[in-house]
Amino acid sequence: MSSDLDTVFAALADPTRRAILAMLLEDDMAVTDVAEPFEMSLAAISKHLMILTKAGLISQEKRGRVKWCKLEPDALRSASVWMQGFGQFEPVNLDAFERFLESQLPLTDDT
């Protein structure tokens, strides 16, 4: 379990990956749509997505020619259980997690 937790926390340590998770809270997204708001190459975004996938935080599936990303909220369960062991953290509430991500990573409206 320790290596799984290490993988989850390492994935959550990067602000780009946290922003991706915040975007996926809304709905599944195509990889190209995930990449759109970031000023980095599609290859760089793909590396971030692979790290999130290996951590179990998202899943990816090919639908036709398009690769889609989906949030896997249960992946945070082990991290939540671990944090609860300290007695000062409550179980991860996805609504609260979304609010936290939005407060840390305000979305910009570039329209």
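Treat the numbers as computed from the prediction; the structure is a model and nothing was measured. (Residues numbered from 1 in each chain as written. Predicted model: local features only at pLDDT ≥ 70, side-chain atom pairs only at ≥ 80, totals over all residues. Heavy atoms only, no water.)

1. Comments concerning the pattern of salt bridges
When the charged atoms of two side chains with opposite charge come close together, those side chains can pair.
Then comes step 1: The final tally for this structure, using the stated rule, is three salt bridges.
Then comes step 2: Measuring nitrogen to oxygen at the nearest pair gives 3.2 Å for the salt bridge that ties Arg63 to Asp28. With Arg63 in strand 2 (residues 58-63) and Asp28 in the loop between helix 2 (15-24) and strand 1 (29-30), this pair connects stretches of sequence that are 35 residues apart.
Then comes step 3: Classification of Arg63 by relative accessible area gives partly exposed; the value is 35%.
Then comes step 4: Within the structure, one salt-bridge network assembled from shared partners comprises Asp28, Glu61 and Arg63. (Salt bridge = Lys/Arg side-chain N within 4 Å of Asp/Glu carboxyl O. Helix = DSSP H or I, 4+ residues; strand = E, 2+ residues; numbered from the N terminus. Buried < 20%, exposed > 50% of the residue type's maximum accessible area, 1.4 Å probe, protein only.)

2. Concerning the environment of Gln60
Then comes step 1: Its location among the elements puts Gln60 in strand 2.
Then comes step 2: Assessed through its relative accessible area of 24%, Gln60 is described here as partly exposed.
Then comes step 3: Each C-alpha atom, one on Gln60 and one on Met50, is 8.9 Å from the other, the two residues being 10 residues apart in sequence.
Then comes step 4: A distance of 2.8 Å separates polar atoms of two side chains, one belonging to Gln60 and the other to Thr53. (Polar contact = N/O pair within 3.5 Å; in protein donor to acceptor, adjacent residues only side chain to side chain.)

3. Some thoughts on the nonpolar core
Then comes step 1: The biggest cluster of nonpolar side chains holds 30 residues, and the ones touching the most others in it are Leu21, Leu24, Val34, Leu49 and Leu57.
Then comes step 2: If you list the elements that add at least two residues to this core, you get helix 1 (2-12), helix 2, helix 3 (31-35), helix 4 (42-54), strand 3 (66-71) and helix 6 (94-104).
Then comes step 3: Sorting elements by how many residues they give to this core places helix 2 first, with six residues.
Then comes step 4: Those residues in contact with Leu57 that sit more than four places away from it in its chain are Val8, Ala11, Leu12, Leu21, Leu52, Lys70, Leu71, Glu72, Ala75 and Leu76. (Core = buried A, V, L, I, M, F, W, Y, C linked by side-chain atoms within 4.5 Å. Contact = heavy atoms within 4.5 Å.)

4. Comments concerning the sheet that holds strand 3
Then comes step 1: Within the open sheet, the three strands sit side by side as 1-3-2. Their pairing is antiparallel. Edge positions in the sheet fall to strand 1 and strand 2, since each of these pairs with one other strand and no more.
Then comes step 2: One ladder, built from six bridges, connects strand 2 with strand 3; its direction is antiparallel. The partner of Gln60 across the bridge, within strand 3, is Cys69. (Pairing = 2+ DSSP bridges.)

5. Quick word on helix 6
Then comes step 1: Within helix 6, burial applies to Phe97, Glu98 and Leu101. Down the axis of helix 6, the buried set is contained in an arc of 100°. They therefore lie on one face. Facing away from the buried surface of helix 6 by more than 90 degrees, the exposed residues are Arg99 and Ser103.
Then comes step 2: Summarising the contacts, the buried residues of helix 6 are in contact with helix 2. (Arc of directions from axis to C-beta.)

6. Quick look at empty space enclosed by the protein
Then comes step 1: By the definition in use, this model includes one cavity of 30 Å³ or more.
Then comes step 2: What lines the largest cavity is Leu21, Leu25, Leu57, Leu71, Glu72, Pro73, Leu76, Leu94 and Phe97.
Then comes step 3: A breakdown of the residues in the lining of the largest cavity according to their chemical character gives eight nonpolar, no polar and one charged. (1 Å grid on protein atoms, 1.4 Å probe; cavity = no way out; pocket = protein on both sides within 12 Å on 5 of 7 lines; lining within 4 Å. Points joined across faces, edges and corners; volume = space filled by probe spheres on them. Nonpolar A, V, L, I, M, F, W, Y, C, P; charged D, E, K, R; others polar.)

7. Considerations on the layout of surface pockets
Then comes step 1: One number sums up the size of the second largest pocket: a volume of about 180 Å³.
Then comes step 2: As for the second largest pocket, its lining consists of 11 residues, and the residues nearest its centre are Phe9, Leu12, Leu76, Met83 and Phe97.
Then comes step 3: For the lining of the second largest pocket, the secondary-structure elements that each account for two or more residues are helix 1, helix 5 (77-84) and helix 6.
Then comes step 4: Its residues assigned to classes, the lining of the second largest pocket shows nine nonpolar, one polar and one charged.

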